[in-house]
Amino acid sequence: MSEKYNPRVIEKKWQQHWAELQSFKSEVNPKKEKYYILEMFPYPSGKIHMGHVRNYTLGDVIARFKRAQNFNVMHPMGWDAFGLPAENAAIENKTSPKDWTYENINTMKEQLQRMGFSIDWSRELATCDKSYYLQQQKLFKYFFEQGLIYKKESLVNWDPLENTVLANEQVIDGKGWRSGAEVEQKKLSQWFFKITDLAEDLMNGLEKLDGWPEKVKLMQQNWIGKSYGCEIDFEISQHEGTIDTDKIKIFTTRPDTIFGATFCALSPFHPLVDEIISNDETVNMEVQKLRALKINEESISKDEKIGIKTKLSIKHPFIKDKNLPVYIANFILMDYGSGAIYGCPAHDQRDLDFANKYNLEVIQVVDGDRDFDGQTAYTEDGKIINSDFLNGMQIEEAKEKAISEIEKLEIGKRTINYRLRDWGISRQRYWGCPIPIMYREDGEIILVPDENLPVELPEDVDLQKTGNPLENHSSWKNTKCPETGMNAIRETDTLDTFVDSAWYFLRFCSPTLETEAFRKSDIDYWMPVDQYVGGIEHAILHLLYSRFFTRALKLKDIDEPFQSLFTQGMVCHNTYKNTSGEWVYPDDVKFENSKLIQISKELEVTEGPIESMSKSKKNVIDPQSIITNYGADSARWFMLSDSPPERDINWSESGIQGSWKFCQKIWTLVYQNKHIFKKKSQVSDYSGETKRFIGQIHEQLDVITRSIEKFQMNVAVAKIYEMVNLISKFKCDQEEKEEALRESLVILIRVIEPMIPHLAEECWELTYNKKALIDEPWPRVKKELLVKENVVVVIQVNGKRRGEVTIKKDADENAVTEKINEVQNIKDLLEEQNIKKTIFVPNKILNIVL
RNA sequence: GCGGAUAUGGUGGAAUCGGUAGACACGCUGGUUUUAGGUACCAGUGAGGCAACUCAUGGGGGUUCGAGUCCCUCUAUCCGCACCA
């Protein structure tokens, strides 16, 4: 044990100690209250990055804090190990995705262990483990049998050169990122989860989630997007060629504007469009152009509206002899409503843009405060005009009336529509969980029997070849039906990796169970997750899918997987560019002669804006170098200092140095006082100055405790600084004071443990305590010491602070008023003035209004 | 475009309830000690003013005895938009 703070030695020492004693292994213990803390598991991309360090440091503070509060804490860790980057790496480096992934897992596990996180590694799992995806295939079968899985056609980004499906991020300016080929929208038959079946339930469940940030709940609510409207069948009045149907079903949320309808628009992927283009080659060519465009909500609202006029017309249901032209348009989603709308240009901006472009009629049917100018759609409140039986009504009333008339004519019905779409889970990729389905030669689609699971990923695949590697692997793909012996073809799609992460928190409860995905008794004890910590970028999809899974699995008593949720901010850093316009790593930049210079190339560098750390902009700091230079505790402390956890944090060299200095300061403070722990004192009560000192310590302890509970780690950190400053200045010259110093140091060591555990343990060793620090309970706040005898009451004149008086606690207004006379400048202000009234807040403020 | 968020000194940020704005830290300035130096310690540090005091929480307006906090409005920046995880 040395006088100098030596993180390299002590961190290794305590990590070994915890590992040997299996200090963080968790087991079901019905006698003890459980606490399940979980951080979003990482994708094993290579090395840990600062975002991980921040995420897991936050979670670890909570894990260690709750343990100190006598909870039976489970804090597991695993790997979200399937995904695209493994395939990309395989193509670039000619390695296998499996080897690449497991190598990364090893590296990252070592790094996480080097951070000293209190993780129960006995529960470790990787979603690419056979044992994990075996259970996932069983869950797939369960969902299938529950009727929650179906197949339908849907669109993908298709790279015709690589013969493969591209992720959105692989499409850059409409071109394939590797091939540069023009990306097409291709229809493929794909598997879907019927998440929309539970849309209502998922929305209502949000109300109960008190521990979730309001903004995340709102984002989910908007994502589900419940809306009330109606379907209307419009009769086709004119067409050319043979058309299979005589109606077009449209969906609207604004049936009150039915009399303002002036055209009809179909999605380019509407089934009727297939018929139209089979009759008309000119339209066909135009439609193919529209179909090649990527349509999402963003493009609908921003991009130029394009329409193709068809030879069809539809009849207006309420206006005799009025026919509306039918267009095929790029701003209609096939997945929303019925894939067809009627356009009411006066009251919808998209429709108006379209009508203005194609010179269509615009009829105003809602009139309100603002004049309608023909350029900005009128979407505000108002009264219905130009609308026959709806005239004079308010919007809501008119909606009701229109729907009831439509239902009376039996040409449509009231519907509830959700913006939420079913969850497409098919991926035409290799590195994912195989779908346990076979297509038999007799046309039957069968589920692979349990005894033949898992359907294993073949390892002998050629990723260099274009197309889906599983599709190309004929000996894997062609198989026999285990029941009938008939020839069969395996499903070559794999599952979306969001499926992997939609139930991993359940698997952590029974990580090694072979017979089932999880043991019921384990789930009953550990679930739900008490605190989930992760990035805001998962606010919608991952969390919604996990909620869907938990509900669909019908676990008794549990429908919400995450009791509380905390979303942390990102880690940012300045960006640097050299004179040739290349991004430069911060490590490669030095400051010389008041210029920034790139060390490796000796080029001048300019400093760019602070952005979230990303490999593409090279503004990353490798946590490994920080751990090596400063130690894990300093890195942890920095992550918790200054910025509130939910906000973005800017990495700075001076900040990490400050953290290191602080760790050193704590060590010096405890080490210099180590002799006082040898003695045992008889002091049971404090007086005077010592009482005030220890009172302040307990006040700080109180704030630290409450701050950690509220996730305000930066506030807790600031109070710990204050505590250290206070203890450092405390002059210890008598027995009573020595006892106070001892008590305060013990409190300090205990409260820093969740944040900087190695240093805390090393300090604890100096106190001659037999019990391990991690098993030491959180210190109790001595409430009796928080009561102050005197308080400062601020005196205001006309709401402005003019002075203060120190007075006995709970003194009344008269007592305060009397004391004012001692304050000269207030006396002057009050002279020869009439006091209109006074506002008195006990122990806080006296405001005198003149 | 829609949806969500954020804005306080030179910097990161603090401020239970509407009640002393700027805690704590970084940086900077001056000093002390040891060292070649990093280090450690002490003092100062929102702006203006000799001072009394005035001004100050993105801009403008409002409610209130009193607003960083509540209401309206504007501006700027960031995030998401369904195959990245």
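All figures in this text were calculated on a predicted structure; none of them were measured in a lab. (Residues numbered from 1 in each chain as written. Chains lettered and ligands numbered in written order. Predicted model: local features only at pLDDT ≥ 70, side-chain atom pairs only at ≥ 80, totals over all residues. Heavy atoms only, no water.)

(A) The arrangement of the environment of Leu 701 in detail. Summarising the element assignment, Leu 701 is placed in helix α22 (residues 688–709). Note on Leu 701: relative accessible area 0%, which makes it buried. Between the alpha carbons of Leu 701 and Ile 848 there is a distance of 36 Å; along the sequence they are 147 residues apart. Those residues in contact with Leu 701, other than ones at most four positions away along the chain, are Met 723, Ile 747, Val 751, Trp 778, Pro 779, Arg 780 and Val 781. (Helix = DSSP H or I, 4+ residues; strand = E, 2+ residues; numbered from the N terminus. Buried < 20%, exposed > 50% of the residue type's maximum accessible area, 1.4 Å probe, protein only. Contact = heavy atoms within 4.5 Å.)

(B) The arrangement of the sheet that holds strand β22 (residues 445–447) in detail. Spatially, the 4 strands line up as an open sheet ordered β22-β21-β24-β23, and their pairing is antiparallel. Strand pairing shows two members of the sheet lacking a second neighbour, β22 and β23 (478–480), which therefore form its edges. Between one strand and the next, the sheet's axes are offset by a mean angle of 40°, whatever the strand orientation. As defined by bridge partners, strand β21 (residues 437–440) adjoins strand β24 (residues 487–490) across 3 bridges and the pair is classed as antiparallel. In the sheet register, Arg 440 faces β24, and the bridge partner there is Ala 488. (Pairing = 2+ DSSP bridges. Axes fitted to C-alpha atoms, helices over the stretch in contact; angles between N-to-C directions.)

(C) How the structure looks around helix α25 (residues 757–764). Counting buried positions along α25 gives 8 out of 8 residues, so the element sits mostly inside the fold. Those residues of α25 that fall on the buried side of the exposure criterion are Pro 757, His 758, Leu 759, Ala 760, Glu 761, Glu 762, Cys 763 and Trp 764. Buried residues belonging to α25 abut α1 (7–21), α2 (50–68), α20 (632–640), α21 (653–672) and α24 (735–752).

(D) Spatial organisation of the protein's contact with RNA strand B. In the region of RNA strand B, 64 residues are neighbours, and Asp 80, Asn 168, Arg 429, Asp 642 and Asn 847 sit closest. Between a sugar or linking oxygen of RNA strand B and a side-chain N or O atom of Arg 427, the distance comes to 3.4 Å. Residue contributions to the surface near RNA strand B peak at 6 residues, all from helix α23 (residues 713–729). Across the surface near RNA strand B, the residue classes break down as 20 nonpolar, 20 polar and 24 charged. (Near = heavy atom within 4 Å. Polar contact = N/O pair within 3.5 Å; in protein donor to acceptor, adjacent residues only side chain to side chain. Nonpolar A, V, L, I, M, F, W, Y, C, P; charged D, E, K, R; others polar.)

(E) Layout of the packing of aromatic side chains. Applying the stated rule across the entire model yields 48 aromatic pairs. Residue placement shows Lys 186 over the ring face of Trp 158; its charged tip is 3.7 Å from the ring centre. (Phe/Tyr/Trp six-rings, centres within 6.5 Å; stacked < 30°, edge-to-face > 60°. Lys NZ or Arg CZ within 6 Å of the ring centre and 35° of its normal.)

(F) Molecular detail of unusual backbone geometry. The peptide bond linking Leu 453 to Pro 454 adopts the cis configuration, its omega dihedral lying at 0°. The residue Pro 454 is located in the loop between β22 and α13 (469–472) in this model. Residue Pro 528 follows Met 527 across a cis peptide bond; omega there is -5°. Counting through the fold element by element, Pro 528 comes out in the loop between α17 (520–526) and β26 (531–535).

(G) Representation of the pattern of salt bridges. Inspection of the entire model under this criterion finds 51 salt bridges. Put simply, Asp 559 and Lys 208 hold a salt bridge, and the shortest N to O gap is 3.4 Å. Of this pair, Asp 559 sits in the loop between α18 (541–552) and β27 (565–568) while Lys 208 sits in the loop between α6 (199–205) and α7 (214–224), and the two are 351 residues apart along the sequence. Lys 208 gets classed as exposed once you look at its relative accessible area, which sits at 53%. Arg 291 is the partner of Asp 274 in a salt bridge, and the nearest nitrogen-oxygen pair spans 2.8 Å. Linking Asp 274 in helix α8 (residues 271–279) with Arg 291 in helix α9 (residues 281–292), this pair joins segments that are 17 residues apart in sequence. For Asp 274, a relative accessible area of 34% gives the class partly exposed. Each member of the salt-bridge network shares a partner with another, and the members are Asp 60, Arg 64, Arg 636, Arg 750 and Glu 753. (Salt bridge = Lys/Arg side-chain N within 4 Å of Asp/Glu carboxyl O.)

(H) Broad picture of the environment of Ala 740. Within the element layout of this structure, Ala 740 appears in helix α24. The exposure class of Ala 740 is buried, given its relative accessible area of 0%. Placed 496 residues apart in sequence, Ala 740 and Asp 244 show a C-alpha to C-alpha distance of 90 Å. Each residue touching Ala 740, except ones within four places of it in the same chain, is listed here: Tyr 686, Thr 690, Phe 693, Ile 694 and Phe 730.

These figures come from the coordinates and say nothing about function on their own.
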